[in-house]
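# Summary of the model geometry
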Amino acid sequence: METKEILEKVRCGEISIEEAERHFKKQPYEEMGFAKLDVHREVRTGFPEVIYCAGKADDYLVSIYQKMFEMYGEVFGTRASEHQYEIVKEVLPQITYDKISRILKIEKTDKVYIGSIAVCSAGTADIPVAEEAAQTAEYFGAHVERAYDVGVCGIHRLLAELDVVQEANCVVAVAGMEGALASVIGGLVSNPVIAVPTSVGYGASMNGISALLTMINSCANGIATVNIDNGYGAGYLAAQINRLAEK
């Protein structure tokens, strides 16, 4: 149970003060031997722990998914493979897997989405990272608008989406190659821009370093840059900004 739920149950007389006290005395993590799940993260930050799937042993991953679903009624993982989807599906048949973003999740169906985040990709090849950002923000309760393939080679494509971009509480700009999209958007909006460099590009792009350097050296104001291909980090930060804007 969440903290608010426990306090509400105490107020309504459904559980005793002693029962609530026992719950709060529990250690702030779930010991699994091979992992310590941070079950108090949502209490501290407002968002529950997310699973980074890549590199995890099959048995560990399945057990973590089972425990997280048992505790929260939903579970979210990034950088998952199709093999991991198949093994988790054996014990949690309701699990869904998106091959584009590589997100492996079970999501509550009664979720309310607030505010507005615009996720923009420069090219179609950047969509996997953009979708990781978009689906992360959605999982954490944000309303997301997508504007894909709006790179600077055809600036009119971005300008056609200008209303969506300018009305958003924040914008996630995902781009490889030279990474100019974030600077262009930064000069068009009044709210924060989260720049995400991707590893898309030819040889001298150096697997995203070229875009990263462009974004962190942008002359436009109000731009924060996350790591190369880090759609999850951008989506999380966007959800935090969106939540503050709506408050």
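These remarks concern the structure in this document. (Residues numbered from 1 in each chain as written. Predicted model: local features only at pLDDT ≥ 70, side-chain atom pairs only at ≥ 80, totals over all residues. Heavy atoms only, no water.)

Let's shift gears to the nonpolar core. Ranked by internal contacts, the top residues of the largest apolar core, which has 21 residues, are I51, Y65, M68, V75, V88, I95 and L104. Of all elements in the fold, only α4 (58–72), α5 (82–89) and β6 (103–106) reach the threshold of two or more residues within this core. Top element by residues in this core is α4. It accounts for 6 residues. M68 has contacts with L37, E49, I51, G73, E74 and V75, leaving out every residue within four places of it along the chain. In terms of nonpolar packing, the next biggest core, distinct from the first, is built from 20 residues, A122, V150, A168 and A220 among them. (Core = buried A, V, L, I, M, F, W, Y, C linked by side-chain atoms within 4.5 Å. Buried < 20%, exposed > 50% of the residue type's maximum accessible area, 1.4 Å probe, protein only. Helix = DSSP H or I, 4+ residues; strand = E, 2+ residues; numbered from the N terminus. Contact = heavy atoms within 4.5 Å.)

Here we come to the packing of aromatic side chains. Using the criterion set out here, one finds 7 aromatic pairs in the structure. An angle of 75 degrees between the planes, with centres 5.1 Å apart, marks the rings of F47 and Y236 as edge-to-face. Pair noted here: F47 is in the loop between α3 (41–45) and β3 (51–52) and Y236 is in helix α11 (residues 231–246), with a separation of 189 residues, a long-range link. Accessibility assignment for this pair places F47 and Y236 in one class, buried. Seen in terms of ring centroids, F140 and Y236 are 5.4 Å apart; in terms of plane orientation they differ by 85 degrees. Their pairing is edge-to-face. Pair noted here: F140 is in the loop between α6 (127–139) and β8 (142–147) and Y236 is in helix α11, with a separation of 96 residues, a long-range link. One aromatic cluster is present, built from ring pairs that chain together F47, F76, Y139, F140, Y232 and Y236. Looking at R243, its charged tip hangs above the ring of F47, at a distance of 4.5 Å from the centre. (Phe/Tyr/Trp six-rings, centres within 6.5 Å; stacked < 30°, edge-to-face > 60°. Lys NZ or Arg CZ within 6 Å of the ring centre and 35° of its normal.)

Summarising the sheet, strand β7 (residues 114–121) and β8 pair through 5 bridges and their orientation is parallel. From the neighbouring strand, I114 faces β8, where its bridge partner is A142. With respect to chirality, the unit in which β7 leads through α6 into the neighbouring parallel β8 is right-handed. (Pairing = 2+ DSSP bridges. Right-handed = clockwise from strand over helix to strand, strands pointing away.)

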